[in-house]
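Overview (structure and organization)
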Amino acid sequence: MELRGLKSFHYSIFPHLYSRSLLTPSEIAALAEGDEFMFGSYEVQIQNPVDEPNAKQASGKPANTTLQPVQPPAAKISGIRSLKRPFSMVSSGESNPTNRHFVSPCGKIEKHDDWVIDEEEGNIGAGYVEGRIAHRLRPHQKEGIAFLYSRLKNECGGAILADEMGLGKSIQTIATCLALLKNKSLKIDKILIVVPSSLVDNWISEFRKWFPYGKFPAEAIRKVSDLRRHLSYLITPFIVCSYDMVLRYARHLFAIGFDVLICDEAHRLKNSNSKIRIMLENMNIQRRVLLTGTPLQNELAELYSLLDFAAPGKFGTPAEFMTLVEQGDCNELLDEIMLRRGANVNSKSLPPKHEYILYCRPSNLQMKLMEALCEDMFADPLTTILHLRTVANHPSLFLQKSLEIESKPKLREIIVEASKAKQAFTQNSGKLMVLGSLMEAFAQAKERVIVFSNFTQTLDMLESFCQNLAYEVLRLDGAVATKDRQKVIKQFNESKYYNTVLLVSTKTGGTGLNLIGASRLVLFDLDWNPANDLQAMARIWREGQMKTCHIYRLLLTGTIDEKILQRQIKKTGLHTIFDPEAQSAECKFRDEDLMEIFELSGDAESNTHRLLECDCGGDGTTIEEREDEDELEEEQEDIDDEEEKENENENEELDGDREDHEPEKDGNEEAHGNGDETTQDGTPKVSMGELNAWRHYSPESPAFPLFLRSAGFDPEIPPESLTFAMHYTSTF
Ligand SMILES: Nc1ncnc2c1ncn2[C@@H]1O[C@H](COP(=O)(O)OP(=O)(O)OP(=O)(O)O)[C@@H](O)[C@H]1O
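Residues numbered from 1 in each chain as written. Predicted model: local features only at pLDDT ≥ 70, side-chain atom pairs only at ≥ 80, totals over all residues. Heavy atoms only, no water.

An unreviewed UniProt entry annotates the protein as DNA repair and recombination protein RAD54-like of Mesorhabditis belari.

Next up, the structure:
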């Protein structure tokens, strides 16, 4: 780009493009790598400043002696960020979270050596990734590319890349496919990437990130005319299209003759009889890659189904697969097809992550309604469960349905009573009270927040609640057209205001999106399926995030919310599928489980903590710390005992007491293990070894104010309805 001074306007010349920008000379001179501005009708990002001789060479024109290049000032002009222009103009500094999202990892035109994926293959048949991309890849990504490449070199090679969310499955896939395309001996020309419709734009942005200039290799098929165009001109090697488009136009897509099939969020294909699965199978693309951060959602049969799609026949029949798993003979076979890495591999490049479970006291109205619902149960238990979950979010959401409950006198009585009581809206919901405290603190701390819920009605309620707190509200739910979703995400990630909240439906926005404009995330209600919550929580703690992340799960104490958490934890045990203990913890939705769900214990600090039989007293110490303390105490006791023995040989009866102590200690240890099925009082014990690694806090504990501060609350105004809290810091 060359710049000419001409009064206040500046004409800029690209090799083939003439236009003008509205920037002043000093603003232009202050531009730095990563800055964005408008150039005519183009959005431009500075990739790489070049010196004058190189610029002339690049433009292919002889130097025009009349040109007056603007001399850069000694220091950057500070006012450049506050330009009142209809476009963003910010530097790529870390302090502005928005820009991070748009700076291409391939920002500079640098020369780097290509990376040869499989050296031992020699020059013939070897795959390579061009240096410009390769030198930006993390070690785990190179490992992933090598794995995928080795699988896909074979004509019928299939693989599952099941890395946890945010590890860059997209670039691993793109780089592998580019290597396959370049290896002419493989005769691979066309790659089909099938994704949920909400992620089509996301994939195109991902390609843009890695191909900021030069020939763009991907095209999105959003409508039938795109497909026609592509069929006529066969434009790019990569086609990105939604599962819906495949359902509608599988025949036309088949005609293109794809060589590789990539399925994103592939857990959608777990049902082997689903229409989409059959359509994709019929497209007869032999090389297949399934991408999913949550390959095992409910049961092993689903994992088998994915494996069988990626590598048909390799795992035998479902029964044979189960036998392999039971005998523990499956790992080697599985390693051949599936690669899964945990978020810890990215820990060095990501800031710390804090997770909290906040137990919130039910309001009187919530408790009364829930009791009445459980006593006066609706004919269909599932409907009652839904009502309980609604009341747990806010009673008003249930009262909107009061027509349905006309025939329930007790409920009607409560509703009439509630309408007379005129209690403040927020105080009627324990969770809303805690959320209110958090939201006020976030705005003050200048940290943006995302709130997830499974229910549209709840999102509506939260929208007016947040507006009352003077928040600008953005929404991402089923009502937002797919083509507009990326705009909402961009608006949120780029928002200059810290009091912007994004309300997201767990089902719509849970997967695939990069929402790193926020560093706080609240799950207002949990999903029965932990995989959905894990997906949602991964939206902010991912590549590009600079701030420490805080993730909050809100639960209404002693109610269905806690039951969902307990069930989730049982289920997440499934992730370690080859751990027999985890398998035995497999959770099916049985009748007895349903009955437990209707038990309420609103006066507990935390029913979950009670089931854990944890002896921490809510002081925030972990088992390890307590064991260390116990050890020290025991050592001290031993020393005391020895001294005592020496002095009091005649008092041998005392030793009996000491023996009595031993079994007590063993029992205590077992209480923290996963083996026991019942607690001492006979209630079913929850298998939640994971929660034992968390810090537990009771409001009664002197450590509570410190906890409040670290969780982002204002400790001067402790949230009244917080009955208990659990905190976990990811330190890998
Ligand atoms: N090496 C890298 N350098 C810079 N940015 C990267 C790198 N790898 C990945 N990213 C960025 O990290 C973000 C997350 O990557 P991606 O969406 O591929 O993750 P994912 O594993 O598919 O997660 P999910 O399962 O949630 O979809 C993207 O914005 C991507 O551009």
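Describing the environment of glutamine 286
Within the secondary structure, glutamine 286 is located in the loop between helix H10 (275-282) and strand E13 (287-291). The class for glutamine 286 is partly exposed, based on a relative accessible area of 36%. Once the C-alpha coordinates of glutamine 286 and phenylalanine 258 are considered, the two residues, 28 residues apart in sequence, prove to be 9.2 Å apart. For glutamine 286, the residues in contact, after removing those within four places along its chain, are Glu155, Cys156 and Gly157. A polar contact of 2.9 Å, which involves the side chain of glutamine 286, links it to the side chain of asparagine 284. (Helix = DSSP H or I, 4+ residues; strand = E, 2+ residues; numbered from the N terminus. Buried < 20%, exposed > 50% of the residue type's maximum accessible area, 1.4 Å probe, protein only. Contact = heavy atoms within 4.5 Å. Polar contact = N/O pair within 3.5 Å; in protein donor to acceptor, adjacent residues only side chain to side chain.)

Re the packing of helix H5 (residues 139-152) against helix H6 (residues 169-182)
In contact at an axis separation of 9 Å, H5 and H6 are set at 45 degrees when each is read in the N-to-C sense. Taken together, the axes of H5 and H6 are oblique relative to one another. The handedness of the crossing between H5 and H6 comes out as right-handed. Residues His140, Gln141, Gly144, Ile145, Leu148, Tyr149 and Leu152 of H5 lie in contact with H6, whose contacting residues are Ile171, Gln172, Thr173, Ala175, Thr176, Ala179 and Leu180. When the residues that make up the contact of H5 with H6 are grouped by side-chain class, the tally is 8 nonpolar, 6 polar and no charged. (Axes fitted to C-alpha atoms, helices over the stretch in contact; angles between N-to-C directions. Parallel < 35°, antiparallel > 145°, perpendicular 65-115°, else oblique. Left-handed = near helix turned anticlockwise from the far one by under 90°. Nonpolar A, V, L, I, M, F, W, Y, C, P; charged D, E, K, R; others polar.)

Description of the pattern of salt bridges
Counted by the stated rule, this structure contains 22 salt bridges. Here glutamate 164 makes a salt bridge to arginine 340, at a shortest N to O gap of 3.8 Å. One end of the pair, glutamate 164, is in the loop between strand E8 (158-161) and H6; the other, arginine 340, is in the loop between strand E14 (338-339) and strand E15 (353-360), with 176 residues separating them in the sequence. A salt bridge links arginine 229 to aspartate 226; the nearest nitrogen and oxygen atoms lie 3.6 Å apart. (Salt bridge = Lys/Arg side-chain N within 4 Å of Asp/Glu carboxyl O.)

Examining the pairing of strand E12 (residues 260-263)
Judged by which residues are buried, E12 turns out to be covered on both faces: Val260 and Ile262 on one side and Leu261 and Cys263 on the other are all buried. Note: strand E9 (residues 191-195) against E12, 4 bridges, orientation parallel. What sits directly across from leucine 192, in E12, is leucine 261. Across 4 bridges, the pairing between E12 and E13 is parallel. Considered in E13, the bridge of leucine 261 is made with arginine 288. On the question of chirality, the crossover connecting E12 to the parallel E13 by way of H10 is right-handed. (Pairing = 2+ DSSP bridges. Right-handed = clockwise from strand over helix to strand, strands pointing away.)

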